[in-house]
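Examining the three-dimensional arrangement
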Amino acid sequence: KMLARSMRPASMALRAASRVAAPRSFATTRPARISQEDSDFLDELAADITSSDTKAALENLRRIMRKTDAMKAEMAKPLHEVDWAYYRANIRRPGLVDQAEAAYKQCMAEFKTLKPDFSKEIAESDAAFAALIKQAEDMKENSIVATAELEKELAECRAERDNIVNLTMKDELKNNPEIAAEIEKEIDENNWLTF
């Protein structure tokens, strides 16, 4: 119990030091800005979308892009320096802060020598995004074609609806000569249907 009580200030100080030295959180308090080109592209896509599910997916993509840009900006900021003098003055255990400082400096030195290569991951994500963008552009083109076809069909239906009120049998047979020929053939063959 006594050992735990004497170690409490030291462990609190180490936790505080690790919080300061730890890499920053990727969360941001305000939405990051995405590039104007990306924003324009997403706005252009959003203008052509009518499905609520597709709009939600597009907004989710926009949020992911903002979060990625925020993470990039956050990682570019330098870390705060640890105030080792403060911890030496407030921790009673001799040598503990010196050990923590030595471990921290060794860790930071190793971190600086790391040269991570994310080119493979970046190439994969670029290829995946390129495929998604191509798919979205194809869907947009298909949607434009389908919309034009549907508008043409709708115009035909409206015209037919307006004309059906004044439609006579003579007009219908004139519009469908194959039916008129079939009727004439049945009459010539005396093929009568009686009720």
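Residues numbered from 1 in each chain as written. Predicted model: local features only at pLDDT ≥ 70, side-chain atom pairs only at ≥ 80, totals over all residues. Heavy atoms only, no water.

**A short note on a nonpolar patch on the surface**
Applied cut-off: A patch consists of residues whose relative accessible area exceeds 30% and which take part in no salt bridge; residues with like charges are grouped when within 9 Å of each other, and nonpolar side chains (Val, Leu, Ile, Met, Phe, Trp, Tyr) when within 5 Å. Values of accessible area rely on a 1.4 Å probe in the Shrake-Rupley scheme; residue burial ignores everything except the protein chains shown. By salt bridge we mean one thing: a side-chain nitrogen of Lys or Arg within 4 Å of a carboxyl oxygen of Asp or Glu. The numbering of helices and of strands both runs from the N terminus, where a helix is a DSSP run of H or I of at least 4 residues and a strand a run of E of at least 2.
Together, I179, I183, I187 and W192 give the surface a local cluster of nonpolar side chains, amounting to about 380 Å² of exposed area. As for its placement among the helices and strands, W192 is situated in the segment after α8 (177-188).

**Some words on the packing of helix α2 (residues 36-48) against helix α3 (residues 52-76)**
Filter applied, for reference: Axis definition: a line fitted to C-alpha atoms, limited for helices to the stretch in contact. Angles are taken between N-to-C directions and run from 0 to 180 degrees. For classification purposes, angles smaller than 35 degrees are called roughly parallel, those larger than 145 roughly antiparallel, those between 65 and 115 roughly perpendicular, and all remaining angles oblique. Between two residues, a contact is recorded if the distance between any of their heavy atoms is within 4.5 Å.
Taken N-terminus to C-terminus, the directions of α2 and α3 make an angle of 170°; their axes are 11 Å apart at the nearest point. The pairing of α2 with α3 is recorded here as roughly antiparallel in orientation. Contacts between α2 and α3 involve D38, S39, L42, D43, L45 and A46 from the former and L58, L61, R62 and M65 from the latter.

**With respect to the confidence of the model for the protein chain**
The criterion, for reference: A residue's pLDDT is simply how confident the predictor is in it, with values from 0 to 100.
Predicted confidence across the protein chain gives a mean pLDDT of 78, with 82% of residues reaching 70 or more. In this model residues 1-10 is a low-confidence stretch, pLDDT under 50, and it forms 4 contacts with partners more than four residues away in sequence or in other chains. Here residues 20-31 is modelled with pLDDT under 50, and outside its nearest four sequence neighbours on either side it reaches 18 contacts, counting other chains as well.

**Let's talk about the packing of α2 against helix α6 (residues 119-164)**
Filter applied, for reference: Take the far helix as the reference: if the near one is turned anticlockwise from it by less than a right angle, the crossing is left-handed, and if turned clockwise, right-handed. Gly is put with the polar residues, along with every residue not named as nonpolar or charged; the nonpolar set is Ala, Val, Leu, Ile, Met, Phe, Trp, Tyr, Cys and Pro, and the charged set is Asp, Glu, Lys and Arg.
Their axes nearest at 11 Å, the elements α2 and α6 cross at an angle of 35°. Helix-helix and strand crossings are classified by hand; for α2 and α6 the assignment is left-handed. For the pair α2 and α6, the contacting residues are F41, E44, L45 and D48 in the first and I133, A136, E137 and K140 in the second. Looking at side-chain class alone, the contact of α2 with α6 contains 4 nonpolar, no polar and 4 charged residues.

**So, helix α5 (residues 96-113)**
Going by this rule: For a helix, the expected span equals 1.5 Å multiplied by the number of residues minus one. A simple rule labels every residue: compare its accessible area, found with a 1.4 Å probe on the protein chains alone, to the largest value its type can have, and call it buried under 20%, exposed over 50%, or partly exposed in between. Directions from the helix axis toward the C-beta atoms define the arc.
The end-to-end C-alpha distance of α5, which contains 18 residues, comes to 26 Å, matching closely the 26 Å that a straight helix rising 1.5 Å per residue would cover. For α5, the set of buried residues is L96, V97, A100, E101, Y104 and M108. In an axial view of α5, the angular spread of the buried residues amounts to 125°, which keeps them on one side of the axis. Opposite the buried face of α5, at more than 90 degrees from it, the exposed residues are Q99, K105 and T113.

**Quick word on the nonpolar core**
Within soluble globular proteins, side chains that are nonpolar generally end up buried alongside one another. To keep it simple, the criterion reads: Think of a nonpolar core as a cluster: buried Ala, Val, Leu, Ile, Met, Phe, Trp, Tyr and Cys residues, connected wherever their side-chain atoms sit within 4.5 Å.
Residues V82, W84, Y87, I91, L96, V97, A100, Y104 and M108 constitute the largest nonpolar core, which totals 9 residues. Counting residues per element, this core draws most heavily on α5, at 5 residues. Core analysis: the second largest hydrophobic core is formed by 5 residues, L42, L45, I49 and L58 among them.

**Concerning the side chain of E101**
Looking at the element boundaries, E101 is found in helix α5. The exposure class assigned to E101 is buried, which follows from its relative accessible area of 13%.

**Quick notes on the packing of aromatic side chains**
Here is the rule: Only Phe, Tyr and Trp rings are paired, with Trp represented by its six-membered ring, and only when their centres lie within 6.5 Å; those with planes under 30 degrees apart are stacked, over 60 edge-to-face, the remainder tilted.
Scanning all chains against the criterion turns up 2 aromatic pairs. An angle of 75° between the planes, with centres 5.2 Å apart, marks the rings of Y86 and Y87 as edge-to-face. When its relative accessible area of 46% is taken as the criterion, Y86 is described as partly exposed.

**Re a negative patch on the surface**
Threshold: Think of it this way: Lys and Arg go in the positive column, Asp and Glu in the negative one, and His and the chain ends go nowhere. To locate a charge, take NZ of a lysine, CZ of an arginine, CG of an aspartate or CD of a glutamate.
Taken together, the side chains of E149, E153, E156, E160, D171 and E172 present a region of like negative charge at the surface. Sorting the residues of the negative patch by element identifies α6 and α7 (169-175) as the ones contributing at least two each. Looking at which element gives the most residues to the negative patch, the answer is α6, with 4 residues. The residue E156 is located in helix α6 in this model.

**Examining the layout of surface pockets**
A probe matching the size of a water molecule, rolled over the atoms, marks out where space remains unfilled. Formally: Cavities and pockets were defined on a 1 Å grid built over protein atoms only: a cavity is a set of grid points that admits a 1.4 Å probe from which the probe cannot escape, a pocket is an open set flanked by protein on both sides within 12 Å along at least five of seven lines, and lining residues are those with an atom within 4 Å of any such point. Grid points are joined across faces, edges and corners, and a volume is the space filled by probe spheres set on the points.
By volume, the largest pocket is sized at about 1300 Å³. Lining the largest pocket are 35 residues, and of these L61, M65, F129, L132 and I133 sit closest to its centre. Elements supplying a minimum of two residues to the lining of the largest pocket: α2, α3 and α6. For the lining of the largest pocket, the element with the most residues is α6, which contributes 15 residues.

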